[in-house]
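Observations on the model geometry
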Amino acid sequence: MDAKERLREAAERLALTLSQGGMQRSTARVMTALLYTQQETMTAADLCDQLSISSGAVSTAVKQLLPVGLIERVPAPGSRRDHYRFRQGAWARLMSQQNAIVATMSEAAREGIDAAGEDSVAGRRLHEMRDFYTYMAAELIPLIDGWRERYLAEHDGGDPAV
């Protein structure tokens with residue numbers, strides 16, 4: 001098996017894992033194709049050909065992956081087609097976006113405690129939820145910042161948050 005086949009199989013295994021975790025299968029396959037490709041960029045047609053999926057499936061996947069910052073549209077001089085690539089710093093960006101979800105969950109727990117009362121059955125469950133998400137909010141930011149600093153130091157200033 002050559003390196004290209006091995007990369008394609010590794011991408012498909014990760015896509016399967018992601019889809020089992022709740023990501024739409026086509027979206028997972030497009031994401032992993034862009035992550036594992038040896039090409040700098042890929043067009044929607046490239047993705048359709050490589051993955052044997054419809055242009056509609058690629059379009060839907062792109063619409064889901066662009067806003068969360070996992071992929072980006074890049075200019076390709078001389079080409080009228082959109083080109084995509086897996087975004088540098090995607091993992092830190094994705095985890096940073098989780099901060100908003102963590103804050104929302106913490107606030108939802110606070111509202112629930114206020115409505116149910118701290119000593120009620122629901123209040124006790126919500127108290128645990130609030131404590132968990134408050135802790136996660138306090139820990140995630142320094143964790144991500146520390147990783148970025150380490151990455152910059154180890155990779156000659158290559159910014160993982162671009």
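The notes below deal with the structure included here. Given the structure is predicted, the values throughout are model-derived calculations rather than measurements.

Quick notes on helix α5 (residues 90-116)
- Its 27 residues give α5 an end-to-end C-alpha distance of 39 Å, which sits within 8% of 39 Å, the value for a rise of 1.5 Å per residue.
- Inspection of α5 places A90, A92, V102, S106, A109, G112 and I113 among the buried residues, and these make up the whole buried set.
- Those residues of α5 that are buried lie in contact with β3 (83-86) and α6 (121-154).
- Downstream of α5 by one or two residues, G117 has phi in the positive range, about 95°.

Side note on the pairing of β3
- As paired strands, strand β1 (residues 42-43) and β3 are joined by 2 bridges and run antiparallel to one another. Paired with M42 across the bridge in β3 is Y84.
- Here strand β2 (residues 71-74) pairs with β3 via 4 bridges, running antiparallel. Bridged to E72 within β3 is R85.

What about the sheet that holds β1?
- One open sheet accounts for 3 strands, arranged β1-β3-β2; its pairing is antiparallel. Either end of the sheet is taken by a strand with one partner, and the two such strands are β1 and β2.
- Sheet contacts for helix α2 (residues 25-36): β1, β2 and β3; angle to β3, the most-contacted strand, approximately 80°.

Here is what the cut-offs are and how they apply
- Residues numbered from 1 in each chain as written.
- Predicted model: local features only at pLDDT ≥ 70, side-chain atom pairs only at ≥ 80, totals over all residues.
- Heavy atoms only, no water.
- Helix = DSSP H or I, 4+ residues; strand = E, 2+ residues; numbered from the N terminus.
- Expected span 1.5 Å × (residues − 1).
- Buried < 20%, exposed > 50% of the residue type's maximum accessible area, 1.4 Å probe, protein only.
- Contact = heavy atoms within 4.5 Å.
- Pairing = 2+ DSSP bridges.
- Axes fitted to C-alpha atoms, helices over the stretch in contact; angles between N-to-C directions.

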